[in-house]
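# Architecture at a glance
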Amino acid sequence: MNFDDKLNRLPLPKWRALASTPSMELVSAGQILPDEELALTRADRMHALYERWQETPSLDNALELLDCSSFISDNGLFFGPAAQIINSSDATRTSKFVAQQVVRPDRKLLNPTYDFSNRQDLHKIISVNRRRLQTETQNSLLHSEQARLYAIIDEPDAAERSFNIALAISPDNRHILRGFSRFMVHIGGPEKALQRLRRSNAMASDPWLQAAEIAISEQHGVGSHVARAATKNLEASHVMPEHISELATALATLERSVGNRKKFKKRLIQSLQQPSDNALAQASWYIRQAPDDVDEEVSDAILPLFHNSKEARTYTLLKGRRWREAVQCFADWQREESFSSHIAIEGSFYAVSFAKDYEAAASICRNGLVANSTSHGLLNNLCYAERRMGRVEDAVKTMEKLKSVHTAWKTFPVYLATDGMLKFALGDYEAGRIRYQEALKIADDGETPLLRQRIKMHWLHEEVISGTVTEVQSKHLISKLDSDSGIGTGVKEFDDYWDNIKEEIMLESSNPVKMHVQSTNIVHSLDKCI
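Residues numbered from 1 in each chain as written. Predicted model: local features only at pLDDT ≥ 70, side-chain atom pairs only at ≥ 80, totals over all residues. Heavy atoms only, no water.

So, about the overall build of the chain. Helix and strand counts for the chain stand at 27 helices and 0 strands. Across the 530 residues of the chain, 53% fall into the buried class. Restricting the contact set of the chain to residue pairs at least 6 apart, pairs at least 24 apart contribute 63%. (Helix = DSSP H or I, 4+ residues; strand = E, 2+ residues; numbered from the N terminus. Buried < 20%, exposed > 50% of the residue type's maximum accessible area, 1.4 Å probe, protein only. Contact = heavy atoms within 4.5 Å.)

This is how it looks when you write it as C-alpha cells:
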C-alpha cells in the first residue's frame, strides 16, 4: 500500500458469521419502530416492545425485544420472547444462543466461532452443514452461512451457488442480500450485487439495503438508484436511530464526495445517534484520514464509542501511533471478516513497517491467504516478513508463488524491489542492485514520489545489512535521503516509516563488519540513484 494513496473507505455492508451479526441487522424491515418511540428511554422502550410482543407475538417482535437484553439485565420480561425463540424452528442459531443466555444464563454455550485459518476445520464445518441442508433444504440462512465458509476457503463458485439457493428461498432477506452484495464486491462483481439489491421488494423501505446500494454504487462509480428516496425516508424520521445509522453514513459519503460539508456533517451526526459498528468505523476513518472534514466537537463526542467496533478501534490506535496494539486489533478484526484481503494487507503492512512484529505479520498474511490464495499484496508482505525473520528459504518459496500467479510481476516496482531484497539475502548483491534499479526506473515512469523513496530506503538498508557500505557512507546516503523533497512533506506516517528504517540502518552500520571490496562503486551507484 502507498502512503499517499489514502484509502477511500466506503460503508460497504459488513459480512460476518450469524453468531457475530447484531440482531437488529436481522429484523425484517416491516418491524422497524416508528418515530413516536424515538424519545423513549431504554427501559420505556423495553416495556413498549414487550406490549407490542404481547399484542403480536411474532418472531420478529420477540427478536427486537431480546435485543434489549444486551443493555438491560435480570428482567423477567425477556423470558417469554426468549422461550419463543428457542422453540421456534424459524429462529436462527445466533438468536437461540442469545435466548439461551437469557433463559439459562448458567448454561455454558458452545462457542460459535472457529479457527478460520485451519482449512481442515472449515471443511469439517462445511461437511456438517451440507448434511444438515439435506433435511433443512429451505434453511436460507444456513445456505448463506455455507456461502461465507466457501468464500473463506477461496471457493467463490461454490459460495455463489450457495448464495443463489439462499436468495431463491428468501429473495428479500436483509442479512442474505447484504452478505451476497458484499461477497460480489469481494470477487469483483458489483454489477450483480446492485442488480440483486435493486430488484428486491424490500429496497423501497429497508434502510439497511438502501445503505448497501448507495455504498456499492459509489464504489463502482455509478449513480445510486435509491439515494433520493432514501434521503426522503431519512428526513421523515420514521425509524429508530439504530436502523438509519448505516444509511446516514452512506449518504454522508455522497455529500462529502460532492463537497457539501454542511450536509455531510448533518448526516455524520445522524449516523452516530445509535451507531452500527460500520458507522463507527467510517467516522473513525474520517477522523484519521480526513480530520479537516470532522469538527473537533464531533470527534470528541464519538471517540469514546469506538471500542464498540473492532475496525474503529483499529483506526483509533493507528491515529495514536500505538502500533503493536493496532496490529492485535487488525488480527481481531480479521477474525470477524476473514474473507477480506484488505484487512490482511493493511494489518500485515503496519506489523512489518511500524510494529516490527514480523511473526504477527506472517500470521495475518497466512490467515488472509486462506481466502485469497492468489493475492499479490499478501504474498509480497509475507515474503518480506519471512525475510526479516531470517526464513530466507520460505521467503524464496513465497516469492516464487507470487511470480507464478502474477506473470506481469516485473512491471510492478514493489515486487521488483522485494525480489531485489531476496537477491541480497541470498548473497547475490549485483542481481539485487539490478532489481532495485529496475524498480526505480518503473517508479520514475509513473509511480508516486513516496514509492521511489521507499525503494531507495530499502536498497540502502539491504546494502548495510550485507556489510557493503561503511558507517560514514551510510550517514552520507541517509543525509541525501533526508534532504530529498519526498521526505518530510507532511505525510506523517511516511516520516515515521523512514525514521524506523533509518534507526535500523544506523544501528546496523555502526557494528563492525567485514567490508566488501566494491563498496566505493556501490556508494557511487546508490549516490547516483538517490
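Past the structure itself, the notes keep going.
Turning to the environment of alanine 91, a few remarks are in order. Positionally, alanine 91 belongs in the loop between helix H3 (79-87) and helix H4 (93-103). Sequence separation between alanine 91 and leucine 59 is 32 residues; the distance between their C-alpha atoms is 7.4 Å. Apart from residues lying up to four places away in sequence, alanine 91 is in contact with Leu59, Ile85 and Lys96.

Now for the packing of aromatic side chains. What describes a pair of aromatic rings is the distance from one ring centre to the other and the angle between the planes of the rings. Applying the stated criterion to the full structure yields 22 aromatic pairs. Consider the rings of tryptophan 15 and phenylalanine 339, whose centres lie 4.8 Å apart with planes at 50 degrees: the pair is tilted. Of the two residues, tryptophan 15 sits in the segment before helix H1 (42-55) while phenylalanine 339 sits in the loop between helix H17 (323-336) and helix H18 (341-355), which places them 324 residues apart along the sequence. Each member of the pair, tryptophan 15 together with phenylalanine 339, is buried. (Phe/Tyr/Trp six-rings, centres within 6.5 Å; stacked < 30°, edge-to-face > 60°.)

This paragraph deals with the confidence of the model for the chain. Summing up the model confidence of the chain, the mean pLDDT is 82 and the portion of residues at 70 or higher is 82%. The low-confidence segment residues 2-6, where pLDDT is below 50, has 15 contacts with residues more than four positions distant or belonging to other chains. (pLDDT = per-residue confidence, 0-100.)

Attention now moves to helix H11 (residues 227-236). Along H11, the positions that sit buried rather than exposed are Ala227, Ala230 and Leu234. Along H11, the residues classed as buried sweep out an arc of 60 degrees about the axis, all on the same side. The outward face of H11, more than 90 degrees from its buried face, is lined by the exposed residues Arg228 and Lys232. Considering only its buried residues, H11 is in contact with helix H10 (207-220), helix H12 (241-257) and helix H13 (261-271). (Arc of directions from axis to C-beta.)

Positive phi, normally seen in glycine, also occurs at arginine 321, with a value near 60 degrees. By the secondary structure assignment, arginine 321 is in the loop between helix H16 (310-319) and H17. For lysine 356, which is not glycine, the phi dihedral falls at a positive 55 degrees. One can find lysine 356 in the loop between H18 and helix H19 (358-371). Residue lysine 356 is classed as partly exposed on the basis of its relative accessible area, which comes to 27%.

With that settled, consider the environment of leucine 422. Inspection of the secondary structure assignment puts leucine 422 in helix H22 (residues 413-425). Along the backbone, leucine 422 and arginine 387 are 35 residues apart, and their C-alpha atoms lie at a distance of 7.4 Å. Not counting the four nearest positions on each side in its chain, leucine 422 is found in contact with Cys383, Arg387, Ala395, Val396 and Met399.

So, on to the packing of helix H6 (residues 140-152) against helix H7 (residues 156-169). Axis separation between H6 and H7 bottoms out at 8 Å; the angle between their running directions is 165 degrees. Accordingly, the angle class assigned to the pair H6 and H7 is roughly antiparallel. Regarding H6 and H7, the two cross each other, and that crossing is left-handed. The segment H6 lies against H7, with Ser140, His143, Ser144, Gln146, Ala147, Tyr150 and Ala151 engaging Ala158, Ala159, Ser162, Phe163, Ile165, Ala166 and Ile169. Along the lines of polarity and charge, the residues of the contact of H6 with H7 split into 9 nonpolar, 5 polar and no charged. (Axes fitted to C-alpha atoms, helices over the stretch in contact; angles between N-to-C directions. Parallel < 35°, antiparallel > 145°, perpendicular 65-115°, else oblique. Left-handed = near helix turned anticlockwise from the far one by under 90°. Nonpolar A, V, L, I, M, F, W, Y, C, P; charged D, E, K, R; others polar.)

Between side chains of opposite charge, pairing is possible as soon as their charged atoms come close. Inspection of every chain in the model, using the stated rule, returns 32 salt bridges. In this structure, lysine 403 and glutamate 400 form a salt bridge, with 3.8 Å as the shortest nitrogen-oxygen distance. Taken as a pair, lysine 403 and glutamate 400 lie in helix H21 (residues 392-405) at a separation of 3 residues, close to a single helical turn. (Salt bridge = Lys/Arg side-chain N within 4 Å of Asp/Glu carboxyl O.)

A few words on the packing of helix H5 (residues 119-135) against H6. For any two helices packed against each other, one specifies the inter-axial angle together with the distance between the axes. With their axes 10 Å apart at the nearest point, H5 and H6 run at an angle of 155 degrees to one another. The angle between H5 and H6 falls in the class roughly antiparallel. Judged by the sense of rotation from one axis to the other, the crossing of H5 with H6 is left-handed. Within the contact between the two elements, H5 uses Leu122, Ile125, Ile126, Asn129, Arg130, Arg132 and Leu133 and H6 uses Leu142, His143, Gln146, Leu149, Tyr150 and Ile152. Of the residues assigned to the contact of H5 with H6, the class counts are 8 nonpolar, 3 polar and 2 charged.

With 16 residues, helix H23 (residues 429-444) ought to run about 22 Å at 1.5 Å a step, and its terminal C-alpha atoms sit 22 Å apart, in line with that. Residues of H23 that are buried: Tyr429, Gly432, Arg433, Arg435, Tyr436, Ala439, Leu440 and Ala443. The arc that holds every buried residue of H23, seen down its axis, measures 160 degrees, which confines them to one face. (Expected span 1.5 Å × (residues − 1).)

Assignment of secondary structure puts alanine 166 in helix H7. Residues contacting alanine 166, with those up to four places away along its chain left out, are Ser140, His143, Ser144 and Ile176.

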